[in-house]
There are 2 protein chains.
Amino acid sequence: MNFQLHERLAADTVPVTVGPLSQILLMTDANFPWFVLVPQRPGLRDFHDLDAGDLTLVTQEIVAASRVLEDSLRPDKINVAALGNQVPQLHVHVIARFHDDPAWPKPVWGVLPPKPYDPQELTDRVKAFQTAFAEGL
Amino acid sequence: MNFQLHERLAADTVPVTVGPLSQILLMTDANFPWFVLVPQRPGLRDFHDLDAGDLTLVTQEIVAASRVLEDSLRPDKINVAALGNQVPQLHVHVIARFHDDPAWPKPVWGVLPPKPYDPQELTDRVKAFQTAFAEGL
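In short, a report on the structure. (Residues numbered from 1 in each chain as written. Chains lettered and ligands numbered in written order. Predicted model: local features only at pLDDT ≥ 70, side-chain atom pairs only at ≥ 80, totals over all residues.)

### A few points about the overall build of chain A
Rules: Runs of H or I in DSSP of at least four residues are treated as helices and runs of E of at least two as strands, each being numbered from the N terminus. Every C-beta atom is placed from the backbone, and the number of other C-beta atoms within 10 Å of a residue's own sets its class: buried at 20 or more, exposed at 12 or fewer, partly exposed in between. Each residue is represented by a C-beta atom placed from its backbone, and any two residues with such atoms within 7 Å are regarded as in contact.
Broken down by element type, chain A carries three helices and five strands. Listing each helix as α and each strand as β along chain A from the N terminus yields α-β-β-β-α-β-β-α. C-alpha atoms of chain A, sized along the principal axes, occupy 40 × 30 × 25 Å. Residue burial in chain A is summarised as follows: out of 137 residues, 40% are buried. Long-range contacts, defined as pairs at least 24 residues apart, comprise 57% of the intrachain contacts of chain A with a sequence gap of at least 6.

### So, unusual backbone geometry
For the bond running from tryptophan 104 of chain A to proline 105 of chain A, omega is 0 degrees, close enough to zero to count as cis. Along the chain, the position of proline 105 of chain A falls in the loop between β5 (92-97) and α3 (119-136). The phi dihedral of arginine 74 of chain B is positive, around 50 degrees, even though this residue is not glycine.

### Some words on the relation of the copies chain A and chain B
Our working definition: To superpose the copies, least squares is applied to the C-alpha atoms of every residue with a pLDDT of at least 70 in both.
By a simple turn and slide, chain A fits onto chain B: the slide is 0.0 Å along the axis, the RMSD is 0.0 Å, and the turn is 180 degrees. What we have between these two chains is a two-fold relation. For chain A, the minimum C-alpha distance to the rotation axis belongs to alanine 81 of chain A and amounts to 2.0 Å. The overlap is high: 100% of the interface residues of chain A also sit at the interface in chain B, so the same surface is used on both sides.

### Overview of the pairing of strand β4 (residues 77-82) of chain B
The following threshold applies: Should DSSP find at least two bridges between two strands, the strands are taken to pair.
Burial within β4 of chain B is extensive, with six of its six residues counted as buried. Here strand β4 (residues 77-82) of chain A runs beside β4 of chain B; their pairing, made up of three bridges, is antiparallel. Bridge pairing links alanine 82 of chain A to valine 80 of chain B in β4 of chain B. Summarising the sheet, β4 of chain B and strand β5 (residues 92-97) of chain B pair through five bridges and their orientation is antiparallel. Each residue of the ladder has a partner; that of asparagine 79 of chain B, found in β5 of chain B, is isoleucine 95 of chain B.

### Here's the deal with the packing of helix α2 (residues 52-73) of chain B against helix α3 (residues 119-136) of chain B
Residues and elements named next belong to chain B. Under the convention used in this document: To get an axis, fit a line to the C-alpha atoms, keeping to the stretch in contact for a helix; angles then go from 0 to 180 degrees between the N-to-C directions. Each angle gets one of four labels, with under 35 degrees taken as roughly parallel, over 145 as roughly antiparallel, 65 to 115 as roughly perpendicular, and the rest as oblique. For any pair of crossing helices, the crossing counts as left-handed if the nearer helix is rotated counterclockwise from the farther one by less than a right angle, and right-handed if it is rotated clockwise.
Between α2 and α3, the least distance of the axes is 10 Å, while the angle of their chain directions is 125 degrees. Classified by the angle their axes make, α2 and α3 are oblique. Taken as a pair, α2 and α3 cross one another with a handedness that is right-handed. Between α2, through Ala64, Arg67, Val68, Asp71 and Ser72, and α3, the contact on the second element is made entirely by Ala128, Phe129, Ala132, Phe133 and Gly136.

### Describing the sheet that holds strand β2 (residues 22-27) of chain A
Sheets are built from strands paired through backbone hydrogen bonds, the pairs being either parallel or antiparallel. Pairing within the open sheet is antiparallel, and its 10 strands lie in the order β1(A)-β2(A)-β3(A)-β5(A)-β4(A)-β4(B)-β5(B)-β3(B)-β2(B)-β1(B). Two strands in the sheet have a free side with no partner beyond their single neighbour: β1 (13-18) of chain A together with β1 (13-18) of chain B. Averaged over all neighbouring strand pairs, the angle between strand axes comes to 25 degrees, with direction disregarded. Sitting on the sheet, α3 of chain A is in contact with β1 and β2 of chain A, with an inclination near 20 degrees to β1 of chain A. The sheet contacts of α2 of chain B involve β2 (22-27), β3 (34-39), β4 and β5 of chain B, and relative to β5 of chain B the element is tilted by about 20 degrees.

### So, the interface of chain A and chain B
Put simply, the test is: When residues are sorted by character, Ala, Val, Leu, Ile, Met, Phe, Trp, Tyr, Cys and Pro go into the nonpolar class, Asp, Glu, Lys and Arg into the charged class, and all the rest, Gly among them, into the polar class.
Between chain A and chain B, the residue contacts involve 27 residues of the former and 27 residues of the latter. Breaking the side of chain A that touches chain B down by element, the ones donating at least two residues are α2 (52-73) and β4 of chain A. Residues belonging to the side of chain A that touches chain B are distributed by class as follows: 13 nonpolar, nine polar and five charged.

So, in structure tokens, the structure goes:
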């Protein structure tokens, strides 16, 4: 069985980079700077399905994604979560939160519909994140 | 500076056990079997504030807590999250989710008010979890 990105995750994101374990994607929701990390292992559902080596890798990727958000955007908080109630494929959210973002202080899920990025803004943001990950991963 | 459990976390939980790094608490909300892991390090806010050794420890504790929930309750999903938008002290939620729980498939936060446990049920549940953690941590 080969790893294949879940179609819902593919539809809701654009690729940023690939870490030692995970595809690192950006949610196409301009409301929140929001990475989704998807370990490239087939058949995983829960965080604890990862073996010890992969847990170390995904943890390093979570830290790298958090630092990219922190260094580039100076958020007030980073939210990290593996929920997967809607999309069964294991994925980890790493989200920059601000005291004036439209969901604060609630979690971001389901609060409001995704806001499309301006295409140039999206291109610029992905490029800037790619540069930041190249230094940090 | 010494570690001290945040008063809000203390008020909303009962202690279950202590891992190599974290206090492992049970939310006193009978709607959801819900652990909160609080790394006993002063001054931490975000998951990536943990150093490499502590990241390994908390990850092992997340896995242990997930397995305790899975082995004892056979949930449909485990949710893992470090949010901290309301309580600034770093804490990690590990929650057993069921397709028929009152928030499914939404995240649990803010969906409905906490439901008090029956005191005997709470005592029994904590004892059962303590036994399970003693085998797994």
